[in-house]
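Residue-level listing of the chains:
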Amino acid sequence: LTNERLLLEYGFALEDNADDAVTLPVASLAVGLQAVADGADRTPEEAEALGAMQTELLRNGGVDLAEASLEFGADGAPTAASALLTHVLVARSAAELGECAVKDGRLVKAPPALAARATAALRAVAQAALGEMGAPAAPRGDGIEAAAAQFVAAQRAILERVANPS
C-alpha cells in the first residue's frame with residue numbers, strides 16, 4: 001500500500017515504503033515540456049503527422065490522456081504509462097516517434113535524444129513540485145500530525161530521486 005493510502009485509511013505512513021508512489025496531475029508536465037521546448041515552428045502537415053503518431057502510440061500503450069497522470073515509484077522511476085506519455089509528448093517529429101516501440105504497454109525502444117528529453121522533462125517536473133512543497137518542515141507533534149509529516153517527507157524523497165538521480 002502507498003503511504004497515501006496508509007495515511008488516509010490507517011493514520012500512519014512508513015519511512016521506507018517500497019510500495020509508495022508520487023502521483024502528479026498530467027498538467028504538471030507543462031513545466032517539463034517548457035524545459036525541453038525547441039522553439040521550432042512546424043508546418044501544419046508536420047504537426048498533423050506528429051499528432052497522429054502521438055495518438056497511435058498512446059493508444060497502443062493503453063494510455064488515455066484524459067485519465068492520465070504522472071506517477072513515480074518509490075525508487076523515483078516513472079511508471080510505464082508515465083514514461084510512455086512523457087516520451088510521446090516531448091517528441092519533436094513523427095519520424096522520431098516512428099523509431100519508438102511499445103510492447104505490452106511499455107516503451108521498449110526510443111531514440112537516445114528523445115529519451116534524454118523525456119528524462120529532462122520529468123526532472124523539471126519534479127524540481128517544480130519540490131519548489132512548490134517548500135522547505136522540509138521539522139516533524140512535530142504525534143499521531144496524525146507526525147504521520148502526515150512522514151508522508152510529506154516520503155513524497156519529497158521520491159521527488160528528489162526524480163529531480164536528482166544518482
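Calculation criteria
- Residues numbered from 1 in each chain as written.
- Predicted model: local features only at pLDDT ≥ 70, side-chain atom pairs only at ≥ 80, totals over all residues.
- Heavy atoms only, no water.
- Helix = DSSP H or I, 4+ residues; strand = E, 2+ residues; numbered from the N terminus.
- Contact = heavy atoms within 4.5 Å.
- Areas by Shrake-Rupley, 256 points an atom, 1.4 Å probe, with all protein chains shown as cover.
- Patch = residues over 30% accessible without salt bridge, like charges linked within 9 Å, V, L, I, M, F, W, Y side chains within 5 Å.
- Salt bridge = Lys/Arg side-chain N within 4 Å of Asp/Glu carboxyl O.
- Phe/Tyr/Trp six-rings, centres within 6.5 Å; stacked < 30°, edge-to-face > 60°.
- Buried < 20%, exposed > 50% of the residue type's maximum accessible area, 1.4 Å probe, protein only.
- Core = buried A, V, L, I, M, F, W, Y, C linked by side-chain atoms within 4.5 Å.

**Focus on the overall build of the protein chain**
Alright, step 1. Assigned secondary structure in the protein chain consists of 7 helices and 4 strands.
Alright, step 2. Mapped in sequence order, the helices and strands of the protein chain form the string α-β-α-α-β-α-α-β-β-α-α.
Alright, step 3. Oriented by its inertia axes, the alpha-carbon framework of the protein chain measures out at about 60 × 30 × 30 Å.
Alright, step 4. The long-range share in the protein chain, meaning contacts at least 24 apart out of those at least 6 apart in sequence, stands at 68%.
Alright, step 5. A total of about 9,400 Å² of accessible surface is found on the protein chain, and carbon and sulfur atoms cover 53% of it.

**Looking at a nonpolar patch on the surface**
Alright, step 1. Taken together, the side chains of L1, Y10, F12 and L14 define a hydrophobic patch exposed on the protein surface, amounting to about 380 Å² of accessible area.
Alright, step 2. Relative to the elements of secondary structure, F12 occurs in the loop between α1 (3-10) and β1 (21-25).

**Here's the deal with the packing of aromatic side chains**
Alright, step 1. A complete count under the given rule lists 1 aromatic pair for this structure.
Alright, step 2. For the ring pair Y10 and F12, a centre distance of 6.5 Å and an interplane angle of 45 degrees mean the geometry is tilted.

**Focus on the pattern of salt bridges**
Alright, step 1. Throughout the structure, instances matching the rule amount to 4 salt bridges.
Alright, step 2. We note a salt bridge from D38 to R42, for which the minimum N-O separation is 3.5 Å.
Alright, step 3. On the accessibility criterion, R42 (30% relative accessible area) is partly exposed.
Alright, step 4. Linking R92 and D38 is a salt bridge whose minimum nitrogen-to-oxygen distance equals 3.6 Å. Within this pair, whereas R92 is found in the loop between α4 (80-90) and α5 (94-98), its partner D38 is found in the loop between α2 (29-35) and α3 (44-60), the two being separated by 54 residues in sequence.
Alright, step 5. For D38, a relative accessible area of 36% gives the class partly exposed.
Alright, step 6. Overlapping salt bridges bring together D38, R42 and R92 as one network.

**A look at α4**
Alright, step 1. For α4, the tally of buried residues reaches 8 of 11 residues, placing the bulk of the element in the interior.
Alright, step 2. For α4, the full list of buried residues reads S82, A83, L84, L85, T86, H87, V88 and V90.

**Focus: unusual backbone geometry**
Alright, step 1. With a phi angle near 50 degrees, D104 is a residue other than glycine that sits in the positive phi range.
Alright, step 2. Along the chain, D104 turns up in the loop between β3 (101-103) and β4 (106-109).

**With respect to the nonpolar core**
Alright, step 1. Judged by nonpolar contacts, the single largest core of 30 residues is most densely connected at L24, L70, F72, L97 and L159.
Alright, step 2. Contributions of two or more residues to this core are made by β1, α3, β2 (69-73), α4, α6 (112-133) and α7 (144-163).
Alright, step 3. Looking at this core, the element that brings in the most residues is α6, giving 8 residues.

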